[in-house]
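An overview of the molecular structure
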Amino acid sequence: MKKSLLLLIPALMLFSCKKREETIRWNIDVIAPAVNGELSIYDILPDSVLTSDMDSSVSMSLGLNLFRLNLDSLVAIPDTSLLDTFALPFPFPVAVAPGQVFINQPEDNTINIGSAELIYVEIKSGTINYQLKSTIQGKIIYEYQIPVAIDANGNSFSQLVYVAAAEPGMTASTSGSFDLSGYSINLSGSSENSFNIIQTNVNIKVDPTNATDVSASNQDTVYIRNELSNIKIDYAKGYFGNQSYTIGPERASLTAFNNLISGNLNIDQIDVDLELVNGIGADASIAFNSFTASNNNSEIALNHSIIGNNININRANEIGPTIYPYYYTNVLNNSNSNIDLMLELLPDSIGYALSLELNPLGNVSAHNDFISSDAPMELNMDIQLPLSIIANNLTLADTLNIDISDTTGLHSAMLNINLENGFPLEAQIDLILLDQNNMVVSHVLSPTLVPSAAVDGNGVVSANSSSTHQLTLNQKDFNTLIQNKKIVLKIIFNTPISANHIDIYDYYKLKFNVVANFEHGVVIE
């Protein structure tokens with residue numbers, strides 16, 4: 001037997017020197033960790049809308065501003081031109097001494113502010129743009145006064161502009177602007193019982209620095225153009241008129257449920273305050289024409305007595321410098337409306353359409369309506385709900401980066417997903433393969449459910465569940481993974497059939513660990 005073996009060795013060596021007709025492949029399994037992490041309720045809903053109670057149970061609190069009626073929407077001073085051309089009242093040339101005033105012109109200038117009748121405004125910003133032209137052959141000083149415009153120091157508005165002497169037969173000109181920011185202006189006119197009127201005064205005199213008298217006659221003219229420009233009001237008082245507004249249909253974006261890509265919730269208790277805050281010193285009547293919640297192509301309309309009925313809104317009060325808004329609140333809950341169905345849709349927007357009438361009874365305040373930029377009229381939606389839920393295919397997706405540094409020789413993979421579930425919810429695992437453009441290529445669905453955590457008699461988790469899920473990637477899916485190095489881990493939550501509403505606590509977590517089992521081919525030519 002030993003002899004036969006010795007004879008066989010040279011034969012094997014001889015055979016090994018021959019050229020192979022076929023490639024020899026050895027397949028070696030390579031196990032490598034890929035990614036791990038955990039999910040809590042703060043990964044499902046934004047931190048900003050969640051609060052933890054003393055017992056660690058989680059509630060959702062969300063404030064949403066639906067619309068705001070600002071000062072600029074109600075009253076505004078448009079750009080207004082104030083033109084004056086002065087023909088001098090001298091039938092023949094007269095000598096005007098240096099420093100002598102030869103034009104003094106007080107005026108009441110009416111501003112077109114639509115249906116509003118303003119008696120007082122405080123200017124946030126804006127300018128008076130001026131342009132002056134003179135044929136007088138001497139230097140003159142133009143003084144523009146608004147005696148009813150007072151700054152923060154109690155000084156009335158007064159500005160000087162110097163105009164050069166005109167050459168014979170020519171016109172001298174200059175232009176610029178005055179800043180009105182911070183001035184308060186009485187608009188009741190010289191009679192003090194009118195509205196929308198700015199009192200101005202123009203003085204023109206010969207510059208005291210002129211060496212000689214200046215000759216002026218009715219053949220000379222002084223052209224003045226002043227324009228109120230880009231006036232922004234901080235505060236206004238008067239009568240804002242009987243105005244009607246149609247607001248919407250509009251949509252307010254709701255991002256709280258963005259991480260939940262599908263499914264719905266059954267929420268045990270919801271309280272939503274629809275709060276209209278009137279910071280305007282004017283009565284109003286408002287009607288909700290529509291109120292909806294939308295998610296993709298699904299929409300649910302609010303069923304509540306507030307829809308289609310007029311609501312009278314009282315005016316705000318003003319005591320000294322302080323404004324006290326009027327608050328109207330209507331509470332929507334499970335028992336008086338279908339607000340629960342609207343929010344269980346996991347909406348991405350809230351739609352609304354309103355009709356608003358200002359001063360429905362007319363000028364009952366005797367021109368004492370007021371509005372401040374700090375106190376608009378606005379509609380807010382305040383959502384309060386404890387997270388006591390029944391989940392129905394509630395789906396969360398998380399993108400995982402699979403870092404495979406060396407893919408040489410790899411041609412298949414099995415992903416082992418180890419899960420420790422601390423939620424009292426069952427789950428299903430779906431892996432989504434993405435291409436380089438992050439488009440879905442395929443799904444690899446786990447055939448087994450993730451069991452829910454065990455709960456005690458109070459429905460609180462007493463023990464986490466553990467499970468392992470093996471997902472095999474075919475050649476196409478594996479190549480996709482190699483190229484893009486990312487997968488989407490989609491988790492679909494459902495409440496166990498036997499369970500009622502369950503409370504969610506801030507310490508509940510779903511921990512995961514993904515281990516890749518690669519098949520590595522060693523090729524011998």
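Thresholds, definitions, all that
Residues numbered from 1 in each chain as written. Predicted model: local features only at pLDDT ≥ 70, side-chain atom pairs only at ≥ 80, totals over all residues. Heavy atoms only, no water. Buried < 20%, exposed > 50% of the residue type's maximum accessible area, 1.4 Å probe, protein only. Helix = DSSP H or I, 4+ residues; strand = E, 2+ residues; numbered from the N terminus. Pairing = 2+ DSSP bridges. Axes fitted to C-alpha atoms, helices over the stretch in contact; angles between N-to-C directions. 1 Å grid on protein atoms, 1.4 Å probe; cavity = no way out; pocket = protein on both sides within 12 Å on 5 of 7 lines; lining within 4 Å. Points joined across faces, edges and corners; volume = space filled by probe spheres on them. Phe/Tyr/Trp six-rings, centres within 6.5 Å; stacked < 30°, edge-to-face > 60°. Core = buried A, V, L, I, M, F, W, Y, C linked by side-chain atoms within 4.5 Å. Contact = heavy atoms within 4.5 Å.

**Topic: helix α5 (residues 475–484)**
Among all positions in α5, only Asp477, Phe478, Thr480, Leu481, Ile482 and Asn484 are buried. Downstream of α5 by a residue or two, Lys485 has a phi angle that is positive, lying close to 60°.

**Topic: the pairing of strand β12 (residues 197–206)**
Counting buried positions along β12 gives 9 out of 10 residues, so the element sits mostly inside the fold. As judged from the 9 bridges shared by strand β6 (residues 101–110) and β12, these two strands associate in the antiparallel manner. Residue pairing across strands places Glu107 opposite Thr200, the latter belonging to β12. The pairing of strand β8 (residues 140–150) with β12 spans 6 bridges and is antiparallel. Paired with Tyr144 across the bridge in β12 is Val202.

**Some words on the sheet that holds strand β3 (residues 58–69)**
With antiparallel pairing, 5 strands are arranged side by side in an open sheet as β2-β3-β26-β17-β23. Whereas interior strands pair on both sides, the edge strands pair on one side only; in this sheet they are β2 (50–52) and β23 (326–333). In this sheet, adjacent strand axes meet at a mean angle of 20° when their direction is disregarded. Pairing of β3 with strand β26 (residues 377–386), which is carried by 10 bridges, proceeds in the antiparallel orientation.

**Considering empty space enclosed by the protein**
With the rule as written, the count across this model stands at 3 cavities of 30 Å³ or more. Its volume calculated, the largest cavity comes out at about 160 Å³. Forming the boundary of the largest cavity are 16 residues, of which Ile41, Ile44, Leu265, Ile389 and Leu394 lie nearest the centre. Elements that contribute at least two residues to the lining of the largest cavity include exactly α2 (41–44), β16 (260–267) and β27 (388–401). With 3 residues, the top contributor of residues to the lining of the largest cavity is β16.

**Some thoughts on the packing of aromatic side chains**
For the structure shown, the criterion picks out 12 aromatic pairs. Summarising the aromatic geometry, the rings of Tyr130 and Phe178 are spaced 4.6 Å apart at their centres and angled 25° between planes, so their arrangement reads as stacked. Linking Tyr130 in strand β7 (residues 117–134) with Phe178 in strand β10 (residues 172–179), this pair joins segments that are 48 residues apart in sequence. Each of the two residues, Tyr130 as well as Phe178, counts as buried. Ring geometry for Phe423 versus Tyr508: centroids 6.0 Å apart, planes at 75°, classification edge-to-face. With a gap of 85 residues between them, Phe423 in the loop between β28 (410–421) and β29 (426–434) and Tyr508 in the loop between β35 (502–503) and β36 (509–524) connect regions that are remote in the sequence. Across the pair, Tyr508 and Phe423 agree in class, each one buried. A connected cluster of aromatic rings, assembled from ring pairs, spans Tyr130, Tyr142, Tyr144, Phe157, Phe178 and Tyr183.

**Comments concerning the nonpolar core**
Ranked by internal contacts, the top residues of the largest apolar core, which has 139 residues, are Leu45, Leu66, Phe240, Phe291 and Met381. Broken down by element, this core gets its largest block of residues, 7 residues, from β3. Dropping the residues within four chain positions of it, Met381 is found in contact with Leu62, Gly63, Leu64, Leu66, Val272, Asp273, Leu274, Phe291, Ile339 and Ile350. The next biggest cluster of nonpolar side chains, apart from the first, holds 5 residues, and it includes Tyr235, Ala316, Phe370 and Ala375.

**Overview of unusual backbone geometry**
Following Gly248, the chain continues to Pro249 via a peptide bond in cis, the omega torsion being 5°. Turning to its location among the elements, Pro249 is positioned in strand β15 (residues 243–253). Positive phi values are uncommon outside glycine, yet Glu192 reaches one of about 60°. Its location among the elements puts Glu192 in the loop between β11 (184–186) and β12. Taking the relative accessible area as the measure of exposure, Glu192 reaches 64% and is therefore exposed.

Coordinates in, geometry out; function isn't part of it.
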